[in-house]
Amino acid sequence: MGGGDGPGPGGPPVTALVEVGTSAYAFVQPGGGWCVNNAGVVVGDRRTLLVDTAATKARALALRDAVAALDPRPPGLIVTTHHHGDHHLGNAVFAPPATVVAHDAARPEMAARGTALRHVWPDVDWGDLPPALPAVTFTDRLTIRLGRCTVQLRHLGPAHTTNDVVAWLPEQRVLYAGDLVLPEHTPFILMGSLPGSIAATEALLELEPAVVVGGHGPVAGAEAVAATLRYLRWLDALARAGRAAGATPLEVARCADLGEFAAWGEPERLVANLHRAYAELAGAAPGAYLPSAAVFPDMEAYHGGPLPCHA
Ligand SMILES: [Zn+2]
């Protein structure tokens, strides 16, 4: 199960750079649970591009050192896949000089809620990281040409959040999926949409990726996308039945048979996912704001205590 084997708060970051294509790498942070994310590195002819950074200054500096071993020039571009702080607080280590690129809706969300995890887990040594917000934003698609390869950015959703972006390397069929795909970890759609997540995951499957770098968890292939879709469809049926029976999300989660998903990390996200599904079944628009403060206690109740963060 992921999430339990990472270093404890304040411990040294443990990382591995995995080659996933020609000039394409994944900075995989073992454990992969809450706030322990992955980043991508694509080395271009004239500049290197990062897909996300990391949650803490120590982890972002470890990423910087790993990238420097591939390319001594500082990275020129950072694609931030969405507004959750574990994916962009470390931008400050690179920007400036790097230019941050994200979805139009990511910039205000990063400014308003990008540091929320600092308050959820105040004991983590986050480090001094001033905000480094996107200078370039886009609506649907953006193509970045790095010379030796092309990176297509696509907005999907609302899915995991309102501002999800994936980075797709079409020549190599490498997909940096952000938190739309979390191999061996439970999806988390509290701040997005269930129908939107299903549609986004179907769109990712249609790409037929050879390699999938998720926002957390080990490097995988298309089977991780298919497993995500099975979870989302199972969640949809579970939510409909639970709501029809008048059960609360916590009651439904506690009675649910997780089946093939039982081995995935952070199973408590099921409660939050049910809250989102219930809201949408009651008519909430995809991505409509739901206060996390009302949902985290339910996740802690399911988990049996405070949620562990190993950032
Ligand atoms: Zn996220």
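Scroll up to find the structure.
A few points on the structure. Because the structure is a prediction, the values reported are computed rather than measured. (Residues numbered from 1 in each chain as written. Predicted model: local features only at pLDDT ≥ 70, side-chain atom pairs only at ≥ 80, totals over all residues. Heavy atoms only, no water.)

**Re the packing of aromatic side chains**
The cut-off we apply is this: Here a pair means two rings of Phe, Tyr or Trp (six-membered ring of Trp) with centres within 6.5 Å. Their orientation is stacked below 30 degrees between planes, edge-to-face above 60, and tilted elsewhere. Three labels apply to residues, based on accessible area from a 1.4 Å probe with only protein chains included: buried if under 20% of the type maximum, exposed if over 50%, partly exposed otherwise in between. In our convention, an over-ring charge means Lys NZ or Arg CZ found within 6 Å of a ring centre and within 35 degrees of that ring's normal.
Scanning the entire structure with this criterion turns up eight aromatic pairs. Note on F261 and W264: the rings are 5.0 Å apart at their centroids and 55° apart in plane angle, and the pair reads as tilted. Like W264, F261 is buried. Following the ring pairs from residue to residue traces out a cluster consisting of W34, W121, F188 and F296. Of note, R269 hangs over the ring of W34, and the distance from its end group to the ring centre comes to 4.2 Å.

**Description of the pattern of salt bridges**
Rule in force here: In what follows, salt bridge is the name for a side-chain nitrogen of Lys or Arg lying within 4 Å of a carboxyl oxygen of Asp or Glu. Here a helix means four or more residues in a row that DSSP labels H or I, a strand means two or more in a row labelled E, and each is numbered from the N terminus.
Applying the stated criterion across every chain yields a total of seven salt bridges. A salt bridge links E109 to R113; its shortest N-O distance comes to 3.0 Å. Of the two residues, E109 and R113 are both situated in helix α2 (residues 106–113); the distance of four residues between them amounts to about one turn of the helix. Its salt-bridge partner being R230, residue E260 comes within 2.8 Å of it at the nearest N-O pair. Taken as a pair, E260 in the loop between α6 (249–255) and α7 (269–281) and R230 in helix α5 (residues 222–244) lie far apart in primary sequence, 30 residues in all. Classification of E260 by relative accessible area gives partly exposed; the value is 45%. R230 sits in the partly exposed class, given a relative accessible area of 41%.

**A short note on the coordination of the zinc ion**
Put simply, the test is: Donors, by definition, are the N, O and S atoms found within 2.8 Å of a metal, the threshold being 3.2 Å for Na, K and Ca, and water is not counted, so a site can look incomplete. By the criteria applied here, four donors are tetrahedral when all angles lie between 85 and 135 degrees, four are square planar and six octahedral when opposite donors are over 155 degrees apart and every other angle lies between 65 and 115, and any other arrangement is irregular.
Taken together, the protein ligands of the zinc ion are H82 (NE2), H84 (ND1), H160 (NE2) and D179 (OD), with distances of 2.2 Å. Considering all four donor atoms around the zinc ion, the spread of angles at the metal, 87 to 169°, places the coordination shape in the irregular class. Positions of the donor residues of the zinc ion along the chain correspond to the pattern H-x1-H-x75-H-x18-D. The buried category is assigned to H82, whose relative accessible area is 0%. Note on H84: relative accessible area 13%, which makes it buried.

**Structural notes on the pairing of strand β6 (residues 99–103)**
Rules: At least two bridges found by DSSP between two strands are what make those strands a pair.
Counted residue by residue, β6 has four buried out of five residues, so it is predominantly covered. Across three bridges, β6 lies against strand β7 (residues 136–138) in parallel orientation. Across the sheet, residue A102 finds its bridge partner in β7, namely T137.

**Digging into the packing of helix α4 (residues 194–206) against α5**
Test applied: Axes here refer to lines fitted to C-alpha atoms; in helices the fit is confined to the stretch in contact. Angles between the N-to-C directions go from 0 to 180 degrees. The scheme is simple: roughly parallel for angles under 35 degrees, roughly antiparallel for over 145, roughly perpendicular for 65 to 115, oblique for anything else. Note on convention: the crossing is left-handed when the near helix lies turned anticlockwise from the far helix by less than a right angle, right-handed when the turn is clockwise. Note on contacts: a residue pair qualifies if any of its non-hydrogen atoms lie within 4.5 Å across the two residues. Nonpolar residues are Ala, Val, Leu, Ile, Met, Phe, Trp, Tyr, Cys and Pro. Charged residues are Asp, Glu, Lys and Arg, and all others, Gly as well, are polar.
Where α4 contacts α5, the axes come no closer than 9 Å and their chain directions differ by 155°. Here α4 is positioned roughly antiparallel relative to α5, judged by the angle of their axes. Crossing of α4 against α5: the hand is left-handed. Residues L194, S197, I198, T201, E202, L204 and L205 of α4 form the contact with α5, whose participating residues are A222, V225, A226, T228, L229, L232, R233, L235 and D236. Taken together, the residues that form the contact of α4 with α5 break down as 10 nonpolar, three polar and three charged.

**What to know about the side chain of H88**
Applicable threshold: Two N or O atoms count as a polar contact when they lie within 3.5 Å, although within protein this holds only if one can serve as hydrogen donor and the other as acceptor, and sequence-adjacent residues are included solely when both atoms are side-chain atoms.
Of note, H88 is situated in the loop between β5 (77–79) and β6. For H88, the side chain forms a polar contact with the main-chain oxygen of H83, separated by 2.6 Å. Beyond its immediate sequence surroundings of up to four residues, H88 is in contact with T53, A54, T80, H82, H83, M110 and G114.

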